[in-house]
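Summary of structural features
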Amino acid sequence: MSDGALRDAVAPLAPLAGEAWAVGGGVRDALLGRAVADLDVAVAGDAAAAAARLARAHGAGRLPFAVDLTPLQGPDLEADLARRDLTVNAIAVPAPADGGREPPRPVDPHGGLRDLDARRLRLVSPEAFRTDPVRLLRLPRLAAQLGFSVDPEAASRARADAAGLWRAPGERLADELLRIAALPRPDRAFALMDELRVLDALAPELGACRGLDQSPYHHRDVLGHTLEVVEHAAALAADPEPVFRSQAPRVAEALGRPLADGLTAGQALALPGLLHDMAKPATRAVTPQGRVTFMGHDRLGADMADALMRRLRVSTRLREFVVACVRMHLPLGFLVHRQPLSLRQIDRYLRATAPWEVEIIVLSAADRLATRGPRTSESAIRRHLVLAREVMAVHFRLADRGPVRPPVPGDALAAELGRRPGPWLGELLEALREEQVVGAVRTRDDALRFAREWARR
């Protein structure tokens, strides 16, 4: 336990001595010696007045972390702590009356300090999940984040109460799910969600993936494969070099950019990684020759992912990202069998995956790395990864060239062809752009000649 970190965390609360207690995850993290990003403070009385007093004492922006002040939940501190989820989150430390010079004295009515020592997550109350179903996601998230075990009774209660998950608002469930996606190893939290049957409650399609066998090219069932894809996607986001080599710095830069809802692009890949094969149970078939197929699982899976993201009420940008990744996770693998590829073929693939080219290529590589059945050769895996690297290099090369502008503006093309502008013009400009990319059109005359031929066709 880190008394020093805890003393530093609560010292700024000295102006509230006698009426406030630091509680929750900030206290837990300080006791574990982890960085404290924010501190929850329970106040006996007017929380707004306490916040104003704290602000006057420290001035704007001088606190080392965010502080959230709320009234006690119940008549006293004991009642407040009894309403919390886990014992390690039900430890309170009073605002210091001595300015933080003396060692803090935690208030621990539920044995949270013992559980911290044992690195164990235990419920404060058997009713914790029924009181707030969001805790069904918080439990596996904290277990993966802290490296803690789950108390057997907590696991049993989670399985019993998992069916009530969606009694919580979608946006609150999304908040925990996005926190899981941001973990260094989100697959560990998803695996625990599976053990607790919370994954089934979140999306029954994922539960149906458990035990669903695949072709001999796979070494695990659909759900096991899915969790491996999430693991590989997180590993590639953390270090793209093993697959993308010289392109790795630019891949890392792209995946490190903010995408939506507080996630970077690399972190957000955990979501399509989890959902990319969710339609396999619905599309599984066996040919007369005994071959297992999942025809159309990419398209149906995109629709299923879209419905889940809407139910979770994530941002439009994140939803569109997840849906596009699920829909487009297969084409790069198909292109492996058509090598060598022309620049035109690569450009068409990149246009189809825009604006998520980098992320979808990384997801495809993660999918390939997680497919190692008895019929899969190492050379087949290498060919896929080599192609992923080559396509990534073309993407960056085209990006460096900047936007491709037509030698002749669209309205001038329409006038030359004697046609009124309409949807056809967009199709022509896209076809013209492709000819420019591959070097077949360079001048105004080239463009007009191509446009006339295109119109005739």
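First things first, this report covers the structure right here in the doc.

So, on to the environment of Gln345. Here Gln345 lies in helix H22 (residues 343-353). Judged by relative accessible area, which is 24%, Gln345 ranks as partly exposed. Here the alpha-carbon distance between Gln345 and Glu434, two residues 89 residues apart in the chain, equals 9.9 Å. Beyond its immediate chain neighbours, meaning those up to four positions away, Gln345 contacts Arg338 and Pro340.

Another point: the nonpolar core. Ranked by internal contacts, the top residues of the largest apolar core, which has 133 residues, are Leu275, Leu312 and Leu318. The element best represented in this core is helix H24 (residues 378-401), accounting for 9 residues. Not counting the four nearest positions on each side in its chain, Leu275 is found in contact with Leu206, Ala305, Leu308, Met309, Val322 and Val326.

Between helix H25 (residues 410-417) and helix H26 (residues 423-437), the shortest axis-to-axis distance is 11 Å and the interhelical angle comes to 110°. Classified by the interaxial angle, the pair formed by H25 and H26 is roughly perpendicular. Seen from H25, the contacting residues are Gly410, Leu413, Ala414 and Leu417; seen from H26, they are Trp424, Leu425, Leu428, Leu429 and Leu432. Grouping the amino acids of the contact of H25 with H26 by side-chain chemistry returns 8 nonpolar, 1 polar and no charged.

Okay, the packing of aromatic side chains next. What the rule picks out here adds up to 1 aromatic pair. Centre to centre, the rings of Phe321 and Trp356 are 5.2 Å apart; their planes meet at 85°, and the pair counts as edge-to-face. Linking Phe321 in helix H20 (residues 316-327) with Trp356 in the loop between H22 and helix H23 (357-369), this pair joins segments that are 35 residues apart in sequence. When its relative accessible area of 0% is taken as the criterion, Phe321 is described as buried.

One pass over the structure, following the stated rule, counts 38 salt bridges. Residue Asp213 is joined to Arg284 by a salt bridge in which the shortest nitrogen-to-oxygen separation is 3.1 Å. One end of the pair, Asp213, is in the loop between helix H12 (204-207) and helix H13 (222-238); the other, Arg284, is in the loop between helix H18 (280-283) and strand S9 (285-286), with 71 residues separating them in the sequence. The partly exposed category is assigned to Arg284, whose relative accessible area is 30%. One salt-bridge network, in which partners are shared between bridges, spans Asp85, Arg138, Arg141 and Glu176.

Okay, helix H10 (residues 186-195) next. Burial of H10 is extensive: 7 of the 10 residues sit out of reach of the surface. The set of residues buried in H10 consists of Pro186, Asp187, Ala189, Phe190, Leu192, Met193 and Asp194. Contacts from the buried residues of H10 go to helix H7 (135-146), strand S6 (149-150), helix H9 (170-181), helix H11 (198-202), H13 and helix H17 (270-275). Two residues or fewer past H10, Arg197 is found with a positive phi of approximately 65°.

Time to look at the pairing of strand S1 (residues 20-23). Side chains of S1 alternate between two faces, with Ala20 and Ala22 and Trp21 and Val23 buried alike. Two elements, S1 and strand S2 (residues 38-43), share 4 bridges in a ladder whose sense is antiparallel. When the sheet's bridge partners are listed, Ala22 is paired in S2 with Val41. Of the strand pairs in this sheet, S1 and strand S4 (residues 93-94) are connected by 2 bridges, and their pairing is antiparallel. Residue pairing in the sheet places Trp21 in a bridge with Pro94 of S4.

What follows is about the side chain of Asp277. With respect to the helices and strands, the residue Asp277 is situated in the loop between H17 and H18. Judged by relative accessible area, which is 2%, Asp277 ranks as buried.

The peptide bond linking Gln339 to Pro340 adopts the cis configuration, its omega dihedral lying at 0°. As for its placement among the helices and strands, Pro340 is situated in the loop between helix H21 (331-335) and H22. In this model, Ala354 is joined to Pro355 through a cis peptide bond whose omega is 5°. Its place among the elements puts Pro355 in the loop between H22 and H23. We note that Arg197 has phi near 65°; this positive angle belongs to a residue other than glycine.

Paired through backbone hydrogen bonds, the strands of a sheet run either parallel or antiparallel to each other. Read from one edge of the open sheet, 4 strands run S3-S2-S1-S4, paired in mixed fashion. Either end of the sheet is taken by a strand with one partner, and the two such strands are strand S3 (66-71) and S4. Note: S2 against S3, 6 bridges, orientation parallel. In the sheet register, Leu39 faces S3, and the bridge partner there is Val67. In this fold helix H3 (residues 47-58) packs onto S2 and S3, with an angle of close to 150° to the strand it touches most, S3.

As a further point, take the environment of Ser377. Tracing the sequence through the fold places Ser377 in the loop between H23 and H24. Owing to a relative accessible area of 32%, Ser377 belongs among the partly exposed residues under this scheme. In the structure, Ser377 is positioned 213 residues away from Gly164 in sequence and 44 Å away in space, judged by C-alpha atoms. One polar contact links Ser377 to Ser379, side chain to side chain, over a distance of 3.0 Å.

Rules used throughout
Residues numbered from 1 in each chain as written. Predicted model: local features only at pLDDT ≥ 70, side-chain atom pairs only at ≥ 80, totals over all residues. Heavy atoms only, no water. Helix = DSSP H or I, 4+ residues; strand = E, 2+ residues; numbered from the N terminus. Buried < 20%, exposed > 50% of the residue type's maximum accessible area, 1.4 Å probe, protein only. Contact = heavy atoms within 4.5 Å. Core = buried A, V, L, I, M, F, W, Y, C linked by side-chain atoms within 4.5 Å. Axes fitted to C-alpha atoms, helices over the stretch in contact; angles between N-to-C directions. Parallel < 35°, antiparallel > 145°, perpendicular 65-115°, else oblique. Nonpolar A, V, L, I, M, F, W, Y, C, P; charged D, E, K, R; others polar. Phe/Tyr/Trp six-rings, centres within 6.5 Å; stacked < 30°, edge-to-face > 60°. Salt bridge = Lys/Arg side-chain N within 4 Å of Asp/Glu carboxyl O. Pairing = 2+ DSSP bridges. Polar contact = N/O pair within 3.5 Å; in protein donor to acceptor, adjacent residues only side chain to side chain.

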